[in-house]
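Chain residues, written in single-letter form:
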Amino acid sequence: MIHVCFSIRDVHGTYSETAGVAIESMFSHTREAVTVHILHDDTLTQDNRTRLFWIGERHRQQVVFHPVQSSMFEEFLPMMGHYSIGTLFRLALPDLLPQDVKRVIYLDADVVVQLDIRELWDADLKGNALAACLDAPETQASLPWPCRIHRVEPERYFNAGVLLFHLEKIRKEHDLAREAIRFLRENPQCTLSDQDALNALFADSYLSLSHRFNCFTNRLSPDTVIPSGIFHFAGCSPSFEAPAWWDSLFLSAWKKTPWGKDSAVGACLLQDAERHRHRVRAYQRLLRSVRLGKKLVFWGAGSVFVNAALDIFLPDASRDYFVDNHRSLVSRRVHGIPVFSPQKILEEKREDIVIIVLAGRAYSEIREQLLTYGFVEGEDFFEGRLLLTKK
């Protein structure tokens, strides 16, 4: 089992979305079992917690939550600048995670993972307490506080956005939270908070990793695509208006998250809300079903609306499916999604599925068929043509 940790303090309700993109991208590129540990305080809403859990469910991976009392770190607010005290939560990792978890990967939320995370997990720590990538040369040249007091050589100062912790060694040799807090209290000049503390504590016990495990996007070239790595949007945000290739990686993962699914459907439907109120009401009801994690059933595997529906709703081939009255289509796959006869939906519980009828010309007949089955229009099934066209 691979263990990966994220810290979330979400005062504005948007940081969870960024973390969701990182988790989605990691799960999409990792074959083996992963447990994601979310360290959080009470700013993580139940809705965002459910969405993060849903990402794990969709990939058949585990997402577990560990509450942290952020009040224990509030004394350091004056030194945090534009950073959140949520970053300090990771100092409690050795205490919060089960004792049988002997190593853990820590990732900042603003990363996109484009590799199998086992590549980082399998790094030989060679007896060191942690592994990390060197920070940007300009950061090192600015002489962070641990360098100024000669605790760390500038060329050895690392970035703490991607870390591999040897928890077993740290538990034996350190009381991480206590030692880091003491260092920060004694050195209020620190401007990079716990990153400074970690550098000071482990200057002689860390392994320097290849930069492919922590690629700063602001140092990448739009003309040179790097096929794999962990891409870190440190100090910048993805651009959707004129996306570089690394922005497109973020956007691709975001579309697969619950936040992206909401926005993709909303962008298709809400732009013309005043003139198409009926369409908007249908979208809102459908969106509630999608948020509840219901299976998506598309009726009409040969419809002209298939591609548009798949682009917007991003079905999961392991749980979502097509149904069709045409026997020639049954038992096939359309874009990897299986096709069944309508009998399949009778085997489901009504509350577990939502049906989108893509067969435009045959909608009236299919509508009557679904009503006969006991499904309710506008609640259990929707007309795809209404949702997927602008007319």
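All of these numbers come straight from a predicted model, not from anything done at the bench. (Residues numbered from 1 in each chain as written. Predicted model: local features only at pLDDT ≥ 70, side-chain atom pairs only at ≥ 80, totals over all residues. Heavy atoms only, no water.)

## A closer look at the sheet that holds strand S8 (residues 206-208)
Spatially, 7 strands are ordered S3-S2-S1-S4-S7-S6-S8 in an open sheet, and the strand pairing comes out mixed. Here the strands that pair on one side only, and so sit at the sheet edges, are strand S3 (62-67) and S8. Taking the axes of each pair of neighbouring strands and ignoring which way they run, one obtains an average angle of 30 degrees across the sheet. For strand S6 (residues 130-134) and strand S7 (residues 158-165), the ladder comprises 5 bridges, and the chain directions are antiparallel. Among the inter-strand pairings, Cys-133 is bridged to a residue of S7, identified as Asn-159. The strands touched by helix H1 (residues 15-29) within the sheet are strand S1 (2-8), strand S2 (34-40), S3 and strand S4 (104-107), with S1 carrying the most contacts at an inclination of about 165 degrees. (Pairing = 2+ DSSP bridges. Helix = DSSP H or I, 4+ residues; strand = E, 2+ residues; numbered from the N terminus. Axes fitted to C-alpha atoms, helices over the stretch in contact; angles between N-to-C directions. Contact = heavy atoms within 4.5 Å.)

## Observations concerning the environment of Arg-219
Tracing the sequence through the fold places Arg-219 in the loop between strand S9 (215-216) and strand S10 (230-232). Here Arg-219 falls in the partly exposed class, since its relative accessible area comes to 45%. For the pair Arg-219 and Arg-361, spaced 142 residues apart in sequence, the C-alpha separation works out to 52 Å. In this structure Arg-219 touches Ala-136, Pro-137 and Glu-138, once residues within four positions along its chain are discounted. (Buried < 20%, exposed > 50% of the residue type's maximum accessible area, 1.4 Å probe, protein only.)

## Here we look at the nonpolar core
One finds Leu-107, Ile-117 and Ile-230 to be the most contacted residues of the largest nonpolar core, which totals 51 residues. Look past the residues within four positions of Ile-117 in its chain and what remains in contact with it is Ile-2, Val-4, Met-26, Thr-30, Val-34, Ile-105 and Ile-230. With 36 residues, the next largest nonpolar core counts Ala-129, Leu-163, Leu-167 and Ile-181 among its residues. (Core = buried A, V, L, I, M, F, W, Y, C linked by side-chain atoms within 4.5 Å.)

## Regarding the sheet that holds strand S5 (residues 111-113)
Read from one edge to the other, the open sheet built from 3 strands follows the order S5-S10-S9, with strand pairing classed as mixed. Bordering the open sheet on either side are S5 and S9, each of which pairs with just one other strand. Strand direction decides the pairing type here: S9 and S10, joined by 2 bridges, are parallel. When the sheet's bridge partners are listed, Cys-215 is paired in S10 with Phe-231.

## Digging into the packing of H1 against helix H2 (residues 46-58)
At a minimum axis distance of 10 Å, the contact between H1 and H2 shows a crossing angle of 5 degrees. In terms of orientation, H1 lies roughly parallel with respect to H2. The residues of H2 that touch H1, namely those facing Ser-16, Ala-19, Gly-20, Ile-23, Glu-24 and Phe-27, are Asn-48, Leu-52, Ile-55, Gly-56 and Arg-58. Across the contact of H1 with H2, the residue classes break down as 5 nonpolar, 4 polar and 2 charged. (Parallel < 35°, antiparallel > 145°, perpendicular 65-115°, else oblique. Nonpolar A, V, L, I, M, F, W, Y, C, P; charged D, E, K, R; others polar.)

## Things to note about the packing of aromatic side chains
Under the criterion given, the structure shown has 8 aromatic pairs. Ring geometry for Phe-73 against Phe-89: centres 6.0 Å apart, planes inclined by 35 degrees, an arrangement best described as tilted. Separated by 16 residues along the polypeptide, Phe-73 in the loop between S3 and helix H3 (77-80) and Phe-89 in the loop between H3 and helix H4 (93-96) bring together distant segments of the chain. Aromatic side chains Tyr-321 and Phe-340 sit 5.3 Å apart centroid to centroid with 90 degrees between the ring planes, which places their arrangement in the edge-to-face category. Note that Tyr-321 is positioned in strand S12 (residues 321-323) and Phe-340 in strand S14 (residues 337-340), a separation of 19 residues in sequence. On the basis of relative accessibility, which here comes to 30%, the residue Phe-340 falls in the partly exposed class. Aromatic rings pair up to connect Phe-231, Trp-245 and Trp-246 into one cluster. Here the guanidinium or amino end of Arg-49 rests over the ring plane of Phe-65, the centre of that ring lying 4.3 Å away. A cation over a ring is seen here: Arg-212 above Phe-213, with NZ or CZ 5.3 Å from the ring centre. (Phe/Tyr/Trp six-rings, centres within 6.5 Å; stacked < 30°, edge-to-face > 60°. Lys NZ or Arg CZ within 6 Å of the ring centre and 35° of its normal.)

## A closer look at helix H10 (residues 193-201)
Within H10, 8 of the 9 residues are buried, which leaves the element mostly enclosed by the surrounding structure. By the burial criterion, the buried members of H10 are Ser-193, Asp-194, Gln-195, Asp-196, Ala-197, Leu-198, Asn-199 and Ala-200. Lining the buried residues of H10 we find H3, helix H7 (145-148), S7 and helix H9 (176-186).

Interpretation in functional terms is not warranted from these geometric data alone.
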